[in-house]
Amino acid sequence: MQIFPCPFCGPRDETEFHFGGDAGNIRPDGADVPIDRWADYLYLRTNPKGTAREIWVHMNCGEFFVMERDTVSHKVLSSAALGGEHAA
Amino acid sequence: MTRRYSALSLFKEGLAGQTGWQPAWRSPEPKPSYDAIVIGGGGHGLATAYYLAKNHNITRVAVLEKGWIGGGNTGRNTTVVRSNYYYPESVELYGLAHRLYEGLAKDLNYNVMLSQRGMVNLCHSTAEMEIGARTVNAMQINGVDAELFSPEDVRRVAPIYNFSPDARFPVFGGIWQGRAGTARHDAVAWGYARAASRLGVDIIQNCEITDFIIEGGRCRGVQTSRGAIRADRIGMAVAGHSSVLAAKAGFRLPINSYALQACVSEPVKPILDTVVLSPGCGVYVSQSDKGEIVIGGGLDRIPSYAQRGNLPTLETVIAGLLEMFPIFGQLKLMRQWAGIVDVVPDSSPIIGESPLPGLFLNCGWGTGGFKAIPAGGTLLAQLLASGKHNDISRPFDLDRFASGRLIDEAAGSGIAH
Amino acid sequence: MTASRLATGGSAIDRTRPIRFSFDGATVHGFAGDTIASALLAGDVAVVGRSFKYHRPRGIWGAGVEEPNALIDIGGPRATPNTRATTEPARDGLVARSVNATPSALADRNAFLDRFARFIPAAFYYKTFMWPDWHRFEPRIRAMAGLGKVDADWTSPGTADQINHHCDVLVVGAGPAGLAAARLASGAGLTVTLVDDQQSPGGSLGHRAGEIDGKPAAAWIAETIAALASAGQLILPSTTAFGVYDHNLVGLNQRHPDGRPDTLWRVRPRQIVLATGAIERPLPFANNDLPGIMSADAALAYLRRHAVLVGRRIVVATNNDSAYETAGALAEAGAEVTLVDLRRDGTPNAPANVRLVKRRALASASGRLRVDGVTLDDGTRLDTDCLLISGGWTPTIHLFGQAKGKLAWSEERAAFLPGDPVDGIAVVGAAAGAVALSDVFAGAGTVVASLGQTKAALPRSTGPEATGGILPAWPIPGSKGRIWIDYQNDVTVKDVELAARENFVSVEHLKRYTTLGMATDQGKTSNLPGLALMAGITGRTVPEVGTTTYRPPFTPVPLASFAGARVGELMAPVRRLPLENVHRANGAVFQEYGGWLRPAHYGGSADAERSIADETLRARQSVALFDGSTLGKVEVIGPQAAAFVDFLYYNTMSTLKPGRCRYGFMLSENGVVFDDGVLVRLDEHRFVVSCSSSHVAAVHARLEEWRQDRFGRGAVYIHNATSDMATLTVSGPNARKLLEALDLSLSLDDADLPHMAVGHGTYAGDEVRIARVSFTGDRSYEISIRADRAEPLWTRLRQAGQAFDAVVIGLEALMILRAEKGFIVIGKDTDGTTLPHDLGVDGPRAKRQTEFVGRRSLFTEEASRDNRMQLVGLAVPQGEAPLPTGAHGIKRIDGRLRSQGFVTSSYQSPTLGRPVALGLIERGAARHGETIDIQHLGKISKATITAPCAVDPAGDRLHA
């Protein structure tokens with residue numbers, strides 16, 4: 001059982017969190033976005049082995065945040081609110 | 001020296017102290033170049049090499065395995081073989097695998113213990129029965145041996161299920177495939193390895209890919225922990241590690257890697273004949289020929305490359321299991337483990353040429369790669385041999401993500417997402 | 001009689017409390033404090049089980065968790081197959097049976113299999129049974145497999161407790177190392193939890209000599225425990241730490257002497273101290289699996305704890321110093337003891353009254369159901385009734401391995417020891433390779449010193465110290481005879497050689513090919529000898545071969561412990577209506593719909609079909625009352641609320657006027673219709689999203705995600721008010737008249753409250769919100785009120801309804817009413833590929849200029865395909881029954897049968913007196929009037945494609 005640091009609520013059990021995807025996956029707007037760019041946004045993932053920067057949501061408080069962690073050792077490296085105003 | 005496996009050869013070897021057997025596969029030093037390289041010595045990779053040699057007469061082939069063959073998801077899954085799929089494209093793919101499985105022991109001269117004792121996917125409500133009917137009808141139209149089971153039918157194949165009137169997930173019926181069942185997972189890897197090796201394929205273990213050799217925009221070989229190995233046709237079948245190799249080759253894949261756990265109870269005398277899946281309980285279960293209750297559930301919900309189980313998912317899965325079969329409450333958990341699976345948005349595999357010409361993909365099988373091994377091998381072999389898709393693999397090309405033509409079995413079950 | 005109970009002694013047993021139980025039908029006598037194994041030994045029961053494959057007779061090997069042989073089925077209310085007799089307390093009246101033996105361990109009818117052993121070596125099954133087909137052979141092999149039996153009549157004795165626990169230091173193992181570490185840590189002011197898998201603390205001190213701080217070991221153990229208890233530290237006996245999981249969470253399984261189900265502990269310590277000891281290994285010699293051959297240390301434990309002398313003429317074979325104490329103790333207890341040590345030099349002195357034979361190894365043992373003699377490697381034969389073995393010690397480092405700790409090979413100890421440290425985990429005592437008590441204590445002192453300054457004194461060993469001299473004695477390739485490595489799974493030296501011959505030389509291949517170490521004991525006694533043998537065969541060192549992965553659990557853990565209280569609704573909770581009890585009192589029959597428990601219909605279970613038809617018909621004729629409280633009510637509030645809902649919805653919503661409602665779709669980014677529903681605009685900056693009952697949580701999460709990711713916290717605020725309010729619906733031609741009978745303090749005039757408008761009133765002092773939206777096609781009013789005030793309003797509505805023959809309807813009638821109108825249910829009438837234009841709503845796709853979720857996906861190649869499945873109605877020929885939901889429309893392409901869509905909803909319409917159906921059919925929108933073949937479970941019928949709406953296509957009834 002991993003412990004994740006919610007920037008708002010502090011350290012909590014992994015079961016309270018939901019994975020939200022790669023951090024920095026910027027949505028391209030418009031009906032005329034090149035389809036490859038759109039498919040890239042929708043489907044392609046970095047999926048790193050090692051350090052990952054990811055979006056997570058703490059389902060209890062409903063806040064999304066950015067967490068850096070190691071996908072092999074499961075060590076948590078940092079977490080911060082989306083706007084960067086809180087860090088844990 | 002005894003080469004062929006049979007009851008007679010086993011008997012003769014018995015008289016001779018079992019000393020005449022040969023290595024199941026050779027372990028040669030890697031050559032500097034091959035006609036084709038297959039990265040990944042799991043079921044899919046070994047099957048690819050075997051079919052390259054058998055179907056296409058391409059025998060200068062190396063299978064490069066980072067660790068020991070069959071040590072990834074091939075040796076970590078719950079061994080279910082089935083082809084009860086909804087969309088015609090899936091039925092063609094998994095149907096091919098299923099048919100090949102049915103002849104595999106004789107084809108490989110290796111008993112993979114395909115045990116077709118049937119599988120039932122339970123329906124727990126009227127709504128699920130309606131979807132069940134939709135699914136069974138689609139399967140029957142597509143030629144799958146599916147039946148819509150009544151509660152009495154379910155009771156016949158799984159009498160120890162919780163049929164009590166206050167069960168949390170009562171049985172309204174189920175989707176049955178009689179040809180479904182299990183196979184011995186390790187034997188599939190070893191059987192393909194042995195058969196491929198005898199056709200001339202080099203199986204190189206402890207050989208990790210460190211980089212791709214790219215010349216003129218094409219993949220021309222690989223750098224490995226055992227030196228450079230060149231080939232103009234390279235296939236990769238590395239499941240949960242596909243993204244890692246893709247990064248080395250300079251592209252990204254629509255894949256997230258997750259741990260999928262499984263566990264077994266201590267072995268007990270036969271009590272459960274078929275594979276039973278309960279969507280409500282989130283569990284599928286069978287009993288191995290050794291007597292262990294083999295238990296599988298959903299993914300761990302955290303992307304991971306750590307091949308180990310965790311407690312929360314285990315607890316959820318076991319709670320579901322005991323809801324299905326309360327009398328398993330007297331059993332004990334003997335072993336838990338996890339594999340790293342490659343989860344694709346539509347949960348269908350990716351078979352086809354990668355964005356790096358010369359490098360071909362067989363990945364994205366997610367939680368269901370074992371059952372597809374013979375087909376994955378056949379289709380990747382054809383791609384490597386001819387550079388062209390088989391009609392069966394064409395719909396599973398990477399290009400479907402841009403065209404939007406996904407093959408999402410869950411979507412067919414009415415799940416919007 | 002050879003093994004027997006001594007007249008005195010036995011630290012664990014209480015001779016004043018005799019007990020009796022049965023084993024394989026025979027009565028066994030014992031005392032409180034016995035394990036099943038110690039009582040069986042005291043009763044001289046030699047054969048306690050049969051091996052997995054060859055059905056070899058097997059006796060008790062060990063005295064703890066490592067036991068490979070003595071597995072038993074316990075019957076009765078606490079039935080558990082495959083229980084280890086060496087760890088299970090003997091209880092009065094218990095019924096135990098040997099496993100894998102019919103009818104009994106002593107006379108097993110499958111014992112003949114052993115005579116065919118040469119033909120069924122490791123992995124033989126991969127080489128045969130292929131012709132004609134595996135299915136011919138499997139049933140018989142399957143019937144042979146397995147160990148214990150599942151008791152089909154077993155019922156749960158109750159749910160297992162689960163406890164979350166935090167402490168500074170978790171000490172695993174209450175032997176000398178663990179006790180010292182716990183005491184020192186406690187003295188440093190840390191909170192300590194001490195767990196031990198035995199019933200009483202002490203570990204090896206319970207049966208091995210030791211004098212600490214000038215006191216006998218027993219006194220020191222008692223003092224240490226007392227000190228920990230008085231400091232308020234938690235001590236858990238009979239508790240096994242079975243797994244170390246992510247972030248050093250430790251799983252414990254606690255057994256209870258009173259028969260309660262075991263308890264699962266999830267412990268989150270700051271520091272884990274593993275003081276898990278070591279396990280004695282067997283030695284390789286022919287027939288080393290015979291009953292009467294056991295671990296020397298176990299024999300000492302049975303002697304000193306249970307006063308059981310395991311034989312009269314005992315041979316002790318060893319390669320290390322630890323067996324000397326055992327030999328001496330057995331001689332002192334009256335046995336005739338020969339100690340055979342394969343070492344030439346450096347051996348301790350022979351204990352008193354023990355005959356010492358040096359430089360000799362065992363070649364073989366003889367006997368049939370019990371060992372009767374041994375032959376040494378010089379040909380000497382010794383008669384014996386009990387053969388004790390000490391092949392060296394394997395540190396118990398499973399938990400360290402589970403935590404991904406790297407192991408380091410120690411030549412001196414002939415064992416793997418913990419290597420580089422793992423954060424938060426320390427290993428002490430025998431598990432870390434310490435032998436002498438003074439070294440054990442020093443190690444514990446070092447670990448605790450790194451945690452804090454302790455006030456407790458480091459214990460001093462004041463007696464004779466154990467020594468660790470050992471000469472490795474691994475199985476040797478080419479040895480004669482049948483030498484067992486893994487007792488339970490019947491893996492011999494020849495099997496490992498066969499694996500090597502066939503290139504299964506990787507340690508994981510060795511394990512899987514031969515099943516070495518895969519039995520219920522997980523190879524605690526066999527793994528190291530097995531891989532050392534493989535090293536010898538392949539010319540590698542032991543560390544080059546390496547170990548297999550350590551996987552939890554350390555010992556088998558009851559499944560019930562993991563499930564805990566998660567049974568029934570606690571395993572998968574359902575959501576409940578505020579008025580559930582009122583509906584029950586009214587005869588509602590409940591079913592689960594999308595996670596909610598809702599009335600399917602009223603009027604009891606008998607003749608449900610008629611009740612549903614009656615509800616449907618009366619709803620159309622007069623007025624229906626319906627509890628729609630599950631309907632989502634998610635508020636979107638803030639300065640950018642209008643822009644926000646525009647982005648979230650497929651339809652433009654910002655043009656909606658305050659006080660008005662609009663129906664629309666929410667899409668996923670892949671363009672698929674994710675949810676549908678009515679959006680209410682309460683005022684300029686405030687909307688209510690009425691989403692589908694089963695999608696509330698997902699819609700709420702989605703709104704939050706876009707709010708935080710794209711709009712910002714200051715732009716909008718999302719509030720899920722779904723469970724705050726009940727929603728009671730009044731629908732039908734007389735709906736308005738019924739409502740007018742209530743005083744709701746608002747005008748129900750159609751000019752003031754037209755279709756798709758929302759109004760505000762009060763009922764009995766509480767605010768109500770009344771929305772004129774319809775899921776039935778008839779004039780409807782959805783009244784939302786505080787959930788805790790809903791009951792009086794519901795009662796009043798029913799009362800007022802009597803004048804209009806009002807009917808309370810369940811969800812089944814509602815489903816018919818909406819299907820008659822062609823109104824869809826997302827996930828039923830759509831699937832995970834349905835795009836909005838498939839449902840006939842193409843306007844926004846064609847015209848919208850502003851961005852919205854899923855927009856780009858509506859213009860892919862796939863989205864523009866001309867043969868997409870589209871929503872249609874389906875009519876059957878006159879007089880035919882309704883189409884089965886889930887039936888497919890079929891066609892033939894190149895002679896092959898293909899689906900061209902399917903029936904999503906289908907009912908007998910009481911309103912029309914004929915069936916109605918909805919479906920998704922290829923190009924269906926352009927094919928109205930066409931008749932197609934429909935297939936259901938192999939039967940073919942006809943249906944004609946129609947518009948989805950079958951009742952009141954003009955929509956007049958909304959205003960009637």
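Residues numbered from 1 in each chain as written. Chains lettered and ligands numbered in written order. Predicted model: local features only at pLDDT ≥ 70, side-chain atom pairs only at ≥ 80, totals over all residues.

Glancing now at the overall build of chain C. Tallying secondary structure elements over chain C gives 21 helices and 53 strands in all. Whereas a compact globule of 960 residues would reach a radius of gyration of roughly 30 Å, chain C reaches 38 Å, over 25% beyond that. Overall, chain C is about 110 × 75 × 55 Å in size when its C-alpha atoms are taken along their principal axes. Relative to its 960 residues, chain C shows a buried fraction of 58%. Put simply, 66% of the contacts in chain C that link residues at least 6 apart link residues at least 24 apart. (Helix = DSSP H or I, 4+ residues; strand = E, 2+ residues; numbered from the N terminus. Rg over C-alpha atoms; globule rule 2.2 N^0.38 Å. Buried ≥ 20, exposed ≤ 12 C-beta atoms within 10 Å, placed from the backbone. Contact = placed C-beta atoms within 7 Å.)

Glancing now at the overall build of chain A. When helices and strands are tallied, chain A shows 1 helix and 6 strands. Taking the principal axes of its C-alpha atoms as reference, chain A extends roughly 45 × 25 × 20 Å. By residue count, 30% of the 88 residues in chain A fall in the buried class. Expressed as a percentage of contacts within chain A between residues at least 6 apart in sequence, the contacts between residues at least 24 apart total 49%.

Residue and element names in this part refer to chain C. Domain annotation of chain C identifies domain 1 (4–107 + 282–390), domain 2 (163–279 + 395–449), domain 3 (474–545), domain 4 (634–720) and domain 5 (820–958). Computed over C-alpha atoms, the centres of domain 1 and domain 3 are 24 Å apart. Contact residues are listed per partner, giving 22 residues for domain 1 and 18 residues for domain 3. In the side of domain 1 that touches domain 3, the residues fall into 10 nonpolar, 6 polar and 6 charged. (Domains from an automatic or database assignment. Nonpolar A, V, L, I, M, F, W, Y, C, P; charged D, E, K, R; others polar.)

A few words on the UniProt feature "domain: FAD/NAD(P)-binding" (unreviewed entry) in chain C. Under the feature "domain: FAD/NAD(P)-binding" (unreviewed entry), the UniProt entry names residues 168–407 of chain C. With 22% helix and 38% strand, the stretch residues 168–407 of chain C has end C-alpha atoms that lie 25 Å from each other. (UniProt positions renumbered as here; feature names shortened; annotations may be inferred.)

Our next topic: the sheet that holds strand β41 (residues 686–690) of chain C. Residues and elements named next belong to chain C. The antiparallel open sheet is built from 5 strands, whose spatial order is β39-β40-β41-β38-β42. Lying at the two open borders of the sheet, with one neighbouring strand each, are β39 (660–667) and β42 (717–720). Looking at each pair of strands side by side, their axes are set apart by 25° on average, direction ignored. Here strand β40 (residues 673–683) pairs with β41 via 5 bridges, running antiparallel. Within β41, the residue paired with V678 across the bridge is S690. The sheet contacts of helix α17 (residues 696–711) involve β38 (634–637), β39, β40, β41 and β42, and relative to β42 the element is tilted by about 170°. (Pairing = 2+ DSSP bridges. Axes fitted to C-alpha atoms, helices over the stretch in contact; angles between N-to-C directions.)

All names here are of chain B. Read across the open sheet, the 3 strands follow the order β9-β10-β11; overall the sheet is antiparallel. One side of each edge strand has no neighbouring strand; the edge strands of this open sheet are β9 (209–215) and β11 (227–230). Put simply, the sheet's adjacent strands are angled 30° from each other on average, direction ignored. As defined by bridge partners, β9 adjoins strand β10 (residues 218–224) across 6 bridges and the pair is classed as antiparallel. Counted as the bridge partner of I209 is T224 from β10.

Next up on the list: helix α10 (residues 507–514) of chain C. Of all 8 residues that make up α10 of chain C, 7 are buried, and the element is covered over most of its length. All buried positions along α10 of chain C are accounted for by V507, H509, L510, K511, R512, Y513 and T514 of chain C. Buried residues along α10 of chain C sit in contact with α7 (185–198) of chain B together with β32 (491–492), α9 (493–501), α11 (527–538) and α12 (542–545) of chain C. Backbone geometry just after α10 of chain C places T515 of chain C at a positive phi near 65°.

With that out of the way, let us pick up unusual backbone geometry. At the junction of T102 of chain C and P103 of chain C, the peptide bond is cis and its omega measures out at 0° in the coordinates. Among the secondary structure elements, P103 of chain C is positioned in the loop between β8 (95–98) and α2 (134–144). One non-glycine residue, S347 of chain B, lies in positive phi territory at about 55°. By secondary structure assignment, the location of S347 of chain B is in the loop between β17 (332–343) and β18 (350–353). Positioned with a positive phi, A414 of chain C is a non-glycine residue whose angle comes to about 55°. One can find A414 of chain C in the loop between β28 (407–410) and β29 (415–418).

Moving on, we get to the interface of chain C and chain B. Contacts between the two partners involve 93 residues from chain C, matched on the other side by 84 residues from chain B. For the side of chain C that touches chain B, the residue count by class is 43 nonpolar, 28 polar and 22 charged. Bridge count between β17 of chain B and strand β33 (residues 557–558) of chain C: 2 bridges; the pairing is antiparallel. Each residue of the ladder has a partner; that of K332 of chain B, found in β33 of chain C, is P558 of chain C.

All names here are of chain C. Over its 13 residues, helix α8 (residues 437–449) extends 18 Å from the first C-alpha to the last, a length consistent with the 18 Å expected when each residue adds 1.5 Å. Residues L437, D439, V440, F441, G443, A444, V447 and V448 constitute the buried set of α8. Buried residues belonging to α8 abut α3 (176–187), β11 (211–212), β16 (263–274) and β30 (425–427). (Expected span 1.5 Å × (residues − 1).)

Bringing the nonpolar core into the picture now. Among the nonpolar cores identified, the biggest contains 343 residues, and L321 of chain B together with A181 and V273 of chain C are the most heavily contacted of them. If near-sequence neighbours (up to four positions away) are discounted, A181 of chain C is found in contact with V171, V273, A275, V428, A444, V447 and V448 of chain C. Judged by nonpolar contacts, the second largest core, of 107 residues, contains V678, L753, Y763 and V916 of chain C. (Core = buried A, V, L, I, M, F, W, Y, C linked by C-beta atoms within 7 Å.)

So, about the packing of α9 of chain C against α11 of chain C. Residues and elements named next belong to chain C. Two numbers describe how α9 lies on α11: the axes approach to 10 Å, and their chain directions differ by 50°. If you check the angle between α9 and α11, you find them oblique. Relative to α11, α9 is oriented so that their crossing is right-handed. Across the interface between the two elements, V493, V496, E497 and A500 from α9 touch G530, L533, M534, I537 and T538 from α11. Split by residue class, the contact of α9 with α11 holds 6 nonpolar, 2 polar and 1 charged. (Parallel < 35°, antiparallel > 145°, perpendicular 65-115°, else oblique. Left-handed = near helix turned anticlockwise from the far one by under 90°.)

To continue, consider the UniProt feature "domain: GCVT N-terminal" (unreviewed entry) in chain C. If you check UniProt for "domain: GCVT N-terminal" (unreviewed entry), the listed places come out as residues 580–842 of chain C in our numbering. Secondary structure within residues 580–842 of chain C divides into 28% helix and 29% strand; the distance between the first and last C-alpha atoms comes to 40 Å.

All names here are of chain C. Its place among the elements puts L40 in helix α1 (residues 36–42). In sequence terms L40 and G214 are 174 residues apart; their C-alpha atoms lie 36 Å from each other. When sequence neighbours within four positions are dropped, the list of residues in contact with L40 reads F23, V28, V45, V48, I60 and A85.

Next up on the list: the pairing of strand β20 (residues 313–318) of chain C. Residue and element names in this part refer to chain C. Burial analysis of β20 places 5 of its 6 residues in the buried class, the great majority of the element. One ladder, built from 6 bridges, connects β20 with strand β21 (residues 336–341); its direction is parallel. Residue pairing in the sheet places R313 in a bridge with E336 of β21. Both β20 and strand β26 (residues 386–390) contribute to a ladder of 5 bridges, which runs parallel. Of the residues in β26, the one forming a bridge with I314 is C386.

Glancing now at the packing of helix α5 (residues 296–306) of chain C against helix α6 (residues 323–332) of chain C. Packed helices, taken two at a time, are described by their axes: the angle between them and the distance between them. Residues and elements named next belong to chain C. Close contact between α5 and α6 brings their axes to 9 Å; oriented N to C, the two are set at 40°. Between α5 and α6, the crossing angle belongs to the class labelled oblique. Our pair here, α5 against α6, has a crossing hand that is left-handed. For the pair α5 and α6, contact is made by A296, D297, A299, L300 and L303 and by A323, E325, T326, A329 and L330, respectively.

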